[in-house]
Amino acid sequence: MSNNPPIFYLRKLNHQLFFKVLIVVLMNTEVAKSQHITDTLRIKTIEVFTNKIVKEDAGKTISKIDSISMIKALISSLSELIAQNTTIFIKDYGRGAMATASFRGTAPSHTQVIWNGINLNSPMLGMVDFSTIPVYFTDNVSLLHGSGSLSESSGALGGTIKLENSANWQNKFSGRLVTGIGSYGTQDEFFQVNGGNRIFQSQSRAFYNYSDNDFPFVNKLIANIDPQTGAYLYPTQRNENSQYKNYGFLQEFYFHPSERSFLTLRYWYQSNDRSLPRLLTNETAVNANINRQSDKAHRPVLEWKFYVTKGTLNVTLGSNIELTTYQLKTIVSGAADQIVTNSHSRSATYFIKAGYNYQFSDNLSLITNANITTNSVYSNNSPQNGISQEYDRQRKEHSASVQLSKSFNNQLSANLLVREDLINGRATPIIPSAGIEYHPFADKGYFLKGNLARNYHQPTLNDLYYIPGGNPLLKAEEGLMADLGNGYSGKIGKVNFHADLNGYCSGINNWIIWLPAPQGYWEPYNMKRVNTGGIELNIGVNGKLHRVSYHLNGNYTYSRSINRDDPRNWADESIGKQLPYIPRHSANILWNLSFADFHFTWSWTYYSERFATTSNDKTSTLNVLSPYFMNNIYLGKEILLNKSKFDLELKILNLFSEEYQTVLQYPMPQRNFSLLIRYNF
Amino acid sequence: MFFVLTLPLFYGCMKKNGVINSSLKVNIPSQGVFIINEGNFMYGNASLSDYDPATRIVQNDIFSSINGLPLGDVAQSMVIQNGFGYIVINNSGKIYVIDTTSGKYVGKITGLTSPRYMHFISAEKSYITDLYAGKISIVNPTTYQITGTILTPGHASTEQMVQWNDFLFVSCWSYDNTVLVINTKTDQVVDSIKTGKQPGGLVQDKFNKIWVLCDGGWVKSGSGGRIPMLQRIDPSTRTIDENFSLTSDANPSRLAINGTGDSILFINAGIWKLGVNQTSLGDHPFLIAGTHLYYSLAVDPLNSELYLSDAIDYQQDGIIYRYSSLGVKIDSFKVGIIPGSFCFK
């Protein structure tokens, strides 16, 4: 017998948060590298291990996704690539739907994604939807764990994912074509053409990706009662209204007018159209609560790099403009459609960045960077019969950093970085970072490293200004973080081997979360503190056994993210518990074999249980997501036809038809297939 | 090397996701109260609890324990009719029907849009309001079939219901300011009454007057000039004959009435109480909020004891406080996530 205000607002807010994605910001790129991915799936044993310390990276944990994994995930989104190959946990709302990252047990907004200098994190929501980033459009992916990200920007309390493209200056004319079909009416097309000479190179890429996505499943969370026997009849359903269509193109021009000068222009356009699947317990009318989100993104970036004696000058300017519309409606027979939510937003980031890298000698360098970024967000939410609620805000950010790096001898290097940010003219406290790396055995690949840093993450514009609930008085999140690691890379017999074991911990004050407020809607607030800590293990092995080349990459992560807030009252059981949806243990292995023209890959991932509650309560199975293993395999063969090389590949996803949920009650597909042909020219 | 190669063979050896074990033994007492825990929006973790005030025994999560199925997404309300409990699951678009003595699921009404409350006109006819559909569904509660609709043009949201003779008074809550009058014989909207902004809760006092709580919309919703108010409707004349305005920063919710029909209660930070003949709200609440963030309120019609819920951080099991009719604390106990409403047996 009571009124219930919060749900309505909760509904609106969640739709805002669940959807809408990405955008914009900054800086530097590497043009001159020519390590282009070749679409060859047979393994070439490449000596990728170097025992030389890069003094600028001393103490940082940096991991790269190798080219085999990149090729395997070529027709996938970044979410699949990251989940299968790194220590980052991806929270996936279903096939083609939103996917967010938790890096070192942090929130989605604490992982920054930088594509050729543009920060793809939305200034509105702070996070990146990894399902919208095609692997097609990037050539190199590397991870800067924790404070290693400070050389790029502040704010990445978990870390930064760096996506980079590069030109092959030896290229005259080349390209590749990928075409694939898959289960549930899925179609993938990708085309790339590269042309040029030693002075000018052009790369053009386009992709199209569509899926009906209406996979069938037996729904064991609802049941009809057999009128005769009284037994439960579980319905077989389809994942209705979840079709998605994504397409985009990327044009890159690389210009090398003189020995010392490189100029790069890139423009990336993309369109995504999709929806969030219904929950398994949903039994609304077929035409009720249909949601649809469409995003359009424009990302131009211009970069100039100039080599002077002992130094490099780097200027980048660009922008990231994202337009999002979201609609939730119910089609009512005999009446007009009921538009429950109709929201649209425009977020735009413009930035200019200049950097100068000066090498005093082989043993001493100074890197200085400065940038100016303007973020603006217009967000409009028109609820049914309601007054439209909107905000239009800007934030100007100035940032400067100086990094001094020194190599003391062949075994010991260290660096010190100091960063200062001005947010709308107000200075944040100084952000320092210090790293050290030591190779105790001069000719061996064993190393020890450590890093200590402070970091700040500013509230998003939604955190500050969203109507209703935004709180302009929110404080920035402040992290103190420490890293300690050791590893080995080298050869054991004929086997190339590397292993990295890192421990990290950080204390993050003023962690921002949204909670229901007495007024009935949700409001962000600063938690007192969250402590994170964990272990990251990465192992890579490759070599050749008789005529079989093998390659293996594995990751294991132990991650604790502990709520150290003040209890709300005596009954609060959330203090000292793991934050919701962050697994304690996660692991993955990607294992690739090739023999003659055949190649075979097995991808395995594992996540321990995750809690949907802040109290980590296990008395009800409703709020616990069970652990699961996921197995995907890829079988391929190279075919030579009239000097043209084709590669045929069959992918089998969810090989054992595991019944699993990555987010409570979102349906996931059983075993499914895709077949693709790659053609390089 | 062999070890490494066989490692991926581990698979599927854990309990399957999404299957709920239903082995738990639950005995539902014949007296007491069901507590409907909303759960989190889009988490599908609504649950049903049972509390017996005589023995103080609490049983949580009884629906899934007995039936091996989750209740669904955002359980809104529950009513009991002829030994059957009808649990309205707002964001699952359905109503689960249980046998209130065994707790067993016996049927369901599906295909709704965003159902909120259910009201019985007769043993064969009930009305179901809806947050978004712009219509009230007419349902046969014994066959679980939707037999008709009452369109409410211009009013997407229909909320609580109170019946006076053959006329049903329905509040139109979300972004609305109307109480509709429906003739239950003809299933037609026959009249409407303008109220304050966002009329939600409706109760009927011992003089058959209908009280309506208008929460005024939300402070920062940009509508401006909000005045939350408690209003009284004379159902015979369909006019508002009493009006209590609250301050513009008030956030009243959860209108309730005591067992004898002579005191109105609602939450506005603390718990406020008003005699039906009182002419002023007074300056002090009946119970102060203290450190509590009260989410829900209900009054036991048998003895006028108060049940108050606190959802804590809304992402863990909430707590219920039971008070005597005079405001003395009797008991407190944990239930499920976001305890939102109560259904007395």
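Anyway, here's the lowdown on the structure attached to this text. Fair warning: this is a prediction, and the values are worked out from it, not measured in the lab.

Take the overall build of chain A next. Within chain A one finds 4 helices and 38 strands. With respect to the principal axes defined by its C-alpha atoms, chain A has extents near 75 × 65 × 45 Å. Long-range contacts, defined here as pairs at least 24 residues apart, represent 67% of the contacts in chain A between residues at least 6 apart.

So, about the nonpolar core. Residues and elements named next belong to chain A. Among the nonpolar cores identified, the biggest contains 42 residues, and Ile82, Leu120, Phe130, Ile161 and Leu163 are the most heavily contacted of them. Looking at this core, the elements with two or more residues in it are helix 3 (78-85), strand 2 (89-92), strand 3 (99-102), strand 4 (111-115), strand 6 (140-145), strand 7 (159-164) and strand 36 (628-641). Tallying contributions element by element places helix 3 first for this core, with 4 residues. Discounting residues that sit within four places of it in the chain, Phe130 has contacts with Ser77, Leu78, Ser79, Ile82, Ile90, Ala99, Thr100, Ala101, Thr111, Val113 and Ile161.

In this section: the environment of Thr605 of chain A. Residues and elements named next belong to chain A. Tracing the chain through its elements places Thr605 in strand 33 (residues 598-607). A C-alpha to C-alpha distance of 21 Å links Thr605 and Gly503, two positions 102 residues apart in sequence. Sequence-distant contacts of Thr605, that is, excluding residues within four places in its chain, are made with Ala83, Gln84, Ala587, Asn588, Tyr628, Phe629 and Met630.

Further remarks concern a nonpolar patch on the surface. All names here are of chain A. A surface patch of nonpolar side chains, about 850 Å² in accessible area, is lined by Ile199, Phe200, Phe253, Phe255, Leu263, Leu265, Leu302, Trp304, Leu317, Ile352 and Ile372. Residue assignment for the nonpolar patch shows that the elements contributing at least two residues are strand 15 (244-258), strand 16 (261-274) and strand 17 (290-308). Take Trp304: it is sitting in strand 17.

What follows deals with the side chain of Asp572 of chain A. By the secondary structure assignment, Asp572 of chain A is in the loop between strand 31 (548-563) and strand 32 (585-595). The class for Asp572 of chain A is buried, based on a relative accessible area of 9%. Within the local environment of Asp572 of chain A, its side chain forms a polar contact with the side chain of Gln316 of chain B, the two groups lying 2.6 Å apart. When neighbours within four sequence positions are excluded, Asp572 of chain A is seen to be in contact with Pro567 of chain A together with Ile312 and Gln316 of chain B.

Residue and element names in this part refer to chain B. Strand order in the open sheet formed by 4 strands is 23-24-25-26, and the pairing between neighbours is antiparallel. Where the open sheet ends on each side, the last strands, each with one partner, are strand 23 (294-299) and strand 26 (329-337). Between one strand axis and the next, the sheet turns through 20° on average, direction left out of account. Strand direction decides the pairing type here: strand 25 (residues 317-323) and strand 26, joined by 6 bridges, are antiparallel.

The rules we used
Residue positions are counted from 1 within each chain, in the order its sequence is given. As a convention, the first chain written is A and the first ligand written is 1, with the rest following in written order. Local features in a predicted model are, by the rule used here, given only for residues with pLDDT of at least 70; side-chain atom pairs are given and counted only at 80 or more, and totals for whole chains, interfaces and linings are based on all residues. Hydrogen atoms and water are omitted, and side-chain values are computed over all heavy atoms in the structure. Put simply, DSSP H or I for four residues or longer makes a helix, DSSP E for two residues or longer makes a strand, and each gets a number counted from the N terminus. A contact between two residues is defined here by any heavy atoms of the two lying within 4.5 Å. Throughout, nonpolar core names a set of buried Ala, Val, Leu, Ile, Met, Phe, Trp, Tyr and Cys residues whose side chains join them through atoms within 4.5 Å. Here's how the labels work: a residue is buried when its accessible area is under 20% of the maximum for its type, exposed when over 50%, partly exposed in between, all with a 1.4 Å probe on protein chains only. Only residues above 30% relative accessible area that lack a salt bridge enter a patch, with like-charged residues linked at up to 9 Å and the nonpolar side chains Val, Leu, Ile, Met, Phe, Trp and Tyr linked at up to 5 Å. Exposure was quantified through the Shrake-Rupley algorithm and a 1.4 Å probe, taking into account, for residues, occlusion by the shown protein chains and nothing else. Every case where a carboxyl oxygen of Asp or Glu lies within 4 Å of a side-chain nitrogen of Lys or Arg is listed as a salt bridge. Any pair of nitrogen or oxygen atoms within 3.5 Å is treated as a polar contact; in protein, a donor-acceptor pairing is required on top of that, and neighbouring residues in sequence qualify only through side-chain atoms on both sides. When DSSP finds two or more bridges between a pair of strands, those strands are recorded as paired. Axis definition: a line fitted to C-alpha atoms, over the contacting stretch in the case of helices. Angles run 0 to 180 degrees between N-to-C directions.

That's the geometry; what it means functionally is another story.
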